[in-house]
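Survey of secondary and tertiary structure
The residues making up each chain are set out below.
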Amino acid sequence: MTNAHANVPEGSAPRGLSDFEKSLEAIGKAVDVGRGCLDDFQIARAQADLEKVKARFGVGAGLTVAALAGGTGSGKSSLFNAMTGLSFADAGDIRPMTEEAAACVWNAEADSLLDMLGVRPARRIAYESLLVDTEDGLDGLVLLDLPDHDSVKIVHSTTVDSILPMVDVLIWVLDPQKYADHLIHDVYLSQMRRRKDHMIVLLNKTDTVLPERMDELMADVRAKLDADGLEGVALYAVSAYEESGLDPVREELRAAVAEKETGIRTAEAELDAIRVRLANGVGRGEIEISDALVEQTARQIAETSGIPAVVESLRHAGTTIRPSAIARPEKPASSMVSATRDAWMSKAKAGLPERWGAELDRRVPAADEIRRSIGAALETVALPIVSTRVPRLLVWVGILVAVLGVLQVVLPVPFAFLPVRIGLMAACLAFAGAMFPVSRRMQLSTAEGTAERFDSRSREAMEKVVRSEFVSPTQEVLDRHRRVREEVLKALGEAG
Ligand SMILES: Nc1nc2c(ncn2[C@@H]2O[C@H](COP(=O)(O)OP(=O)(O)O)[C@@H](O)[C@H]2O)c(=O)[nH]1
Ligand SMILES: [Mg+2]
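Read on for an overview of the structure.

Calculation rules
- Think of each chain on its own: its residues are numbered from 1, step by step along the sequence as written.
- Chain letters and ligand numbers both follow the written order, the letters beginning at A and the numbers at 1.
- For this predicted model, a pLDDT threshold of at least 70 governs which residues receive local features, and a threshold of 80 or more governs which side-chain atom pairs are given and counted, while totals over whole chains, interfaces and linings are taken from all residues.
- A run of H or I in DSSP counts as a helix once it spans at least four residues, and a run of E counts as a strand once it spans at least two, with each numbered from the N terminus.
- Partly exposed residues are those falling between the two cut-offs: more than 12 but fewer than 20 other C-beta atoms within 10 Å of their own, whereas 20 or more means buried and 12 or fewer means exposed, with C-beta atoms placed from the backbone.
- Note on terminology: a nonpolar core is a set of buried residues of type Ala, Val, Leu, Ile, Met, Phe, Trp, Tyr or Cys, with members joined through C-beta atoms within 7 Å.
- Two strands qualify as a pair provided that DSSP identifies no fewer than 2 bridges between them.
- Orienting the strands away from the viewer, one traces the path from the first strand over the helix to the second; a clockwise path indicates a right-handed crossover.
- By definition, the arc is the one covered by directions from the helix axis to the C-beta atoms.
- Lines fitted to the C-alpha atoms define the axes, with helices restricted to the stretch that makes contact. Angles between their N-to-C directions range from 0 to 180 degrees.
- For the purpose of contact definition, each residue receives a C-beta atom placed from its backbone, and two residues are in contact when these atoms lie within 7 Å.

Some remarks on unusual backbone geometry
Here the phi dihedral of Asn107 falls at roughly 45 degrees; this positive angle occurs in a residue that is not glycine. With respect to the helices, strands and loops of the structure, Asn107 is situated in the loop between β2 (102-105) and α4 (111-117). The buried category is assigned to Asn107, around which 22 C-beta atoms lie within 10 Å.

What to know about the environment of Pro147
Within the fold, Pro147 resides in the loop between β4 (141-145) and α5 (154-163). When the 25 C-beta atoms within 10 Å are taken as the criterion, Pro147 is described as buried. Considering only alpha carbons, one finds Pro147 and Gly71, 76 residues apart in sequence, at a separation of 9.3 Å.

Side note on the nonpolar core
Soluble, globular proteins show a tendency: their nonpolar side chains are buried together. Counting 57 residues, the largest nonpolar core has Ala67, Val142, Ile171 and Leu202 as its most contacted members. For this core, the secondary structure elements donating two or more residues are β1 (64-70), α3 (76-84), β2, α4, β4, β5 (169-174), β6 (199-203) and α8 (247-258). Ranked by residues supplied to this core, first place goes to β5 with six residues. Residues Ala61, Ile301, Leu314 and Ile370 belong to the second largest nonpolar core, which totals 53 residues.

Quick look at the pairing of β6
By the criterion of burial, β6 is predominantly enclosed, with five of the five residues buried. Here β6 shows a buried face lined by Met199, Val201 and Leu203 and a second buried face lined by Ile200 and Leu202. Of the strand pairs in this sheet, β5 and β6 are connected by five bridges, and their pairing is parallel. In the strand pairing of β6, Ile171 is matched with Ile200. What joins β6 to strand β7 (residues 234-237) is helix α7 (residues 214-227), and the crossover it makes is right-handed.

A word on helix α13 (residues 354-363)
Along α13, the positions that sit buried rather than exposed are Trp356, Glu359 and Leu360. One side of α13 carries all its buried residues, which in axial view fall inside an arc of 105 degrees. Summarising the geometry of α13, the exposed residues directed more than 90 degrees from the buried face are Glu354 and Arg362.

As for the pairing of β4
Of all five residues that make up β4, five are buried, and the element is covered over most of its length. Here β4 shows a buried face lined by Leu141, Leu143 and Asp145 and a second buried face lined by Val142 and Leu144. Pairing of β1 with β4, which is carried by five bridges, proceeds in the parallel orientation. Directly across from Ala66, in β4, lies its bridge partner Leu143. Bridge count between β2 and β4: four bridges; the pairing is antiparallel. In the strand pairing of β4, Val105 is matched with Val142.

Quick notes on the sheet that holds β4
Here we have seven strands laid out as an open sheet, ordered β3-β2-β4-β1-β5-β6-β7, and mixed in their pairing. In this open sheet, the two edge strands, each paired with only one partner strand, are β3 (124-126) and β7. Averaged over all adjacent pairs, the angle separating strand axes in this sheet is 20 degrees, with direction ignored. Relative to the sheet, α3 contacts β1, β2, β4, β5 and β6, its axis offset from that of β4 by approximately 150 degrees.

In structure tokens, the structure reads:
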């Protein structure tokens, strides 16, 4: 094989490369972020697929890989031979089963790519070594003859599955006798929908079909393809045996080879396929943790800790000037904390698949731990004392003034005329009388203020508990879910 790399000049990266690389990186990150929440098998598969896409990109950006695929006996190997003018592929009745992939390379260096595709060196052939002078515009093409996918030997179909993601043009070969085959239609063809612009369907062995039946047959094949979601896919009638009908196939391959971005499109389609497979592991959305929800949860905890009772007893202390007993807040009962946690979880899990819900269960602390945090938070809020000193002082001042008022009339201290002293006494008594409601109002408002301050401080403390114990672990899981969801749903528009 030659080193002449006809397609892409050295050093000229294909257009769109950086976008593609960004895409690749984004999926890689999403897979990382989803670890523990997405199915382990799916993660492993996505990573393996991503590696494949990366590797395919690295080794064969300038190569166009076309693969002949289809049921056993449809004529893939015969077509390979017809296209290459060789009898290299195991075809026909003597070796009816293609055990291993074979490759023909048109004037390019493709060893790394073929290593990656798992095509043994002995199964590779260079087109240029045969027909040196022909300029057919196919330089850079790698044609693969794939093992039969519906073979009883399961190993064959795994080979096909692992190679298909790296294939730029899929040439699907149908047999006029067996084209309605269920396996081909349901499992493979319909899954190739996203690749239909880089897919060619060949109805082979048309030499065995009566010419007058041809139109009807082609129409029927077309209808079957439409039913598989492959409307508009290129369909040609060919015969490997007569080497007829192959010109349009060569033309399609020439176009694919000329189109420099075929490789990127293949890789992008593969990234989409990875996204679609991961999409089963995410929900349609995640809840927004609203302030209202945080407040509601904090209120629930406050209530089960007896905070409203404390507030009430503080208020009550304002109705009397005698010192009154103030209730103390208590850590809520475990069952109450569990109930609050359960209520939170059921809201947080809304719309999430089970595995993400399980991740939430792991991240949000257990009820007992939350209960301890509540206890610690309650201790930070000092239980206030409703001071009755000033109101009491006012009452005593009133009493003192009243006594003095009376005394200056009763006692023989004639510092003024009697009517003046009686007037003064009345004024003193009026002052003293006014002191009682003033003191009472002062007492009430002091108690009210203390109660309110305590209420808001303890609420703040409970909100802090809610934020650290519930909100932040939950938000972390929801953010991870959002990231994975937004990444994988990029493909859902096309996935149908
Ligand atoms: N009449 C006819 N027979 C064909 C044609 N292509 C392949 N065959 C025969 O179909 C059988 C299977 O062909 P093969 O290339 O091995 O199919 P593969 O299993 O898809 O690789 C062989 O007996 C071929 O000779 C064709 O265009 N016309
Ligand atoms: Mg074969």
